[in-house]
Amino acid sequence: MSLYRPLSSLLFKAATPRPLVSSFSLVRGVCPVRNFSFSNRLLATESKQAANASAGSRPRLTKEEYAQLVEQARIDRQRKGVQTSWYYSASVVVVFLTLSFAAVPFYRIVCQQSGFMGAPVSDSSKFTPDKLIPVDHHKRIRVSFSSNTSTSMPWKFTPQQREVKVLPGETALAFYKAKNPTDHDIIGMATYSVVPEKAAPYFSKIQCFCFEEQRLAAGEEVDMPVFFFIDPDFVNDPLMRNVDDIILNYTFFRARYDDDGVLKPVTGADALDLQLQRAPVKSIPAVE
């Protein structure tokens, strides 16, 4: 057997292409494939032994040190989570404050020009003579009126009539009444909307108290007119076929000028500050 193995190896090497025969296999006298597999196992064994030796040389942590590391990692994660929550909360507050101050200007610039979100159209360039011709063959539309005031506005604000019936293209005049029951002057800003919203692009106001600020002196009461019409194109829109009733709603907000001379609505916190500033100070009698 010992004589046969070297001879068989030499015969195998003679039949094998030379690039596949390594010097290592010639010395050992075995198959190159077996030598390659044996070398891989040898290298893997040596690498594993080296890794075990290095792991054994590292110092082990005690239970107390391990617990401290775990607790410190938990505290770091908790601190990071709290900071992230504060950042998100502050961002939400800033966004809502910005929207509250920008709501009225945005409403006046965009919604009044396009009828978006139920705002009646107030662009005077659309009030052409052909729009003011009543459509006699169409049924009359009932326009109802409603009113609201914000929590910071102490005015009494009500419509003078409940409803009017108009034809598309026919002008109409309605009145609201506002009263300032306080002992000081107050500036108000009005926003308005139309229900249903799809009818808003056809509801046009020629003149309205909502176009500008309203200042009422202490105890003053005034009538506020609204001059409007419904666009005749209302008749040709298939979406308006079943619209027989339209509601016009106004909401008054309290406002004041800031340090830059810009008129802005008064928020709830600002309204409370104004009430505290105007509240009478009662003297406390001295105790004898």
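Residues numbered from 1 in each chain as written. Predicted model: local features only at pLDDT ≥ 70, side-chain atom pairs only at ≥ 80, totals over all residues. Heavy atoms only, no water.

Here the protein chain is described in UniProt, under the heading Subcellular location (unreviewed entry), as follows: "Mitochondrion inner membrane". Under Function (unreviewed entry), UniProt gives the following word-for-word description of the protein chain: "Exerts its effect at some terminal stage of cytochrome c oxidase synthesis, probably by being involved in the insertion of the copper B into subunit I." (UniProt positions renumbered as here; feature names shortened; annotations may be inferred.)

> Run through the side chain of Asp231, naming residues and quoting values.
Positionally, Asp231 belongs in the loop between strand 8 (221-230) and strand 9 (245-257). Look at Asp231 and you get buried, because its relative accessible area is 10%. A polar side-chain atom of Asp231 sits 3.5 Å from a polar atom in the side chain of Lys131. A distance of 2.8 Å separates the side chain of Asp231 from the backbone nitrogen of Asp233, its partner in a polar contact. Among residues more than four places away in sequence, those in contact with Asp231 are Lys131, Pro168 and Tyr202. (Helix = DSSP H or I, 4+ residues; strand = E, 2+ residues; numbered from the N terminus. Buried < 20%, exposed > 50% of the residue type's maximum accessible area, 1.4 Å probe, protein only. Polar contact = N/O pair within 3.5 Å; in protein donor to acceptor, adjacent residues only side chain to side chain. Contact = heavy atoms within 4.5 Å.)

> How would you sum up the sheet that holds strand 4 (residues 171-179)? Please name residues and give values.
Strand order in the open sheet formed by four strands is 2-4-8-6, with antiparallel pairing between adjacent strands. The open sheet has two free edges, formed respectively by strand 2 (156-159) and strand 6 (203-208), since each of these has just one partner strand. Between one strand axis and the next, the sheet turns by 30° as a mean value, whatever way the strands run. By the bridge criterion, four bridges tie strand 2 to strand 4 in an arrangement that is antiparallel. The residue bridging Lys156 from the neighbouring strand is Lys179, located in strand 4. (Pairing = 2+ DSSP bridges. Axes fitted to C-alpha atoms, helices over the stretch in contact; angles between N-to-C directions.)

> Can you lay out the environment of Val226 for me, pointing to particular residues and giving the numbers?
Relative to the helices and strands, Val226 is located in strand 8. Distance in space between the C-alpha atoms of Val226 and Cys208 is 4.6 Å, their sequence separation being 18 residues. Excluding residues that lie within four positions of it along the chain, Val226 makes contacts with Ala172, Leu173, Ala174, Tyr176, Lys205, Gln207, Cys208, Phe209, Leu248 and Tyr250.

> Residue-level account of unusual backbone geometry, with values.
For the bond running from Val195 to Pro196, omega is 5°, close enough to zero to count as cis. With respect to the helices and strands, Pro196 occurs in the loop between strand 5 (186-195) and strand 6.

> Could you give me a rundown of the nonpolar core, with the residues and numbers involved?
Judged by nonpolar contacts, the single largest core of 34 residues is most densely connected at Phe209, Ile230 and Tyr250. Counting only elements with at least two residues in this core, the list comes to strand 1 (141-149), strand 4, strand 5, strand 6, strand 8 and strand 9. (Core = buried A, V, L, I, M, F, W, Y, C linked by side-chain atoms within 4.5 Å.)

> Can you explain the state of the cysteines? Please cite residues and give values.
Summed over the entire model, instances satisfying the criterion amount to one disulfide. At a sulfur-sulfur separation of 2.4 Å, the disulfide partner of Cys208 is Cys210. Classification of the bridge connecting Cys208 and Cys210 rests on its S-S torsion, roughly 130°, and on that basis the disulfide is right-handed. A single burial state applies to Cys208 and to Cys210, both of which are buried. (Disulfide = S-S within 2.5 Å.)

> Hey, could you go over the packing of aromatic side chains for me, with residue numbers and the actual values?
Scanning the entire structure with this criterion turns up 13 aromatic pairs. Taking the centre distance of 6.2 Å and the plane angle of 70° together, the rings of Phe145 and Phe228 count as edge-to-face. Placement of the pair is Phe145 in strand 1 and Phe228 in strand 8, with a sequence separation of 83 residues. Take Phe145 and Phe228: they sit in the same class, and that class is buried. When the centroid spacing of 4.8 Å and the interplanar angle of 90° are considered together, the rings of Phe157 and Phe252 count as edge-to-face. Of this pair, Phe157 sits in strand 2 while Phe252 sits in strand 9; the two residues are 95 residues apart in sequence, bridging distant segments of the chain. Using a relative accessible area of 5% as the deciding quantity, one classes Phe157 as buried. (Phe/Tyr/Trp six-rings, centres within 6.5 Å; stacked < 30°, edge-to-face > 60°.)

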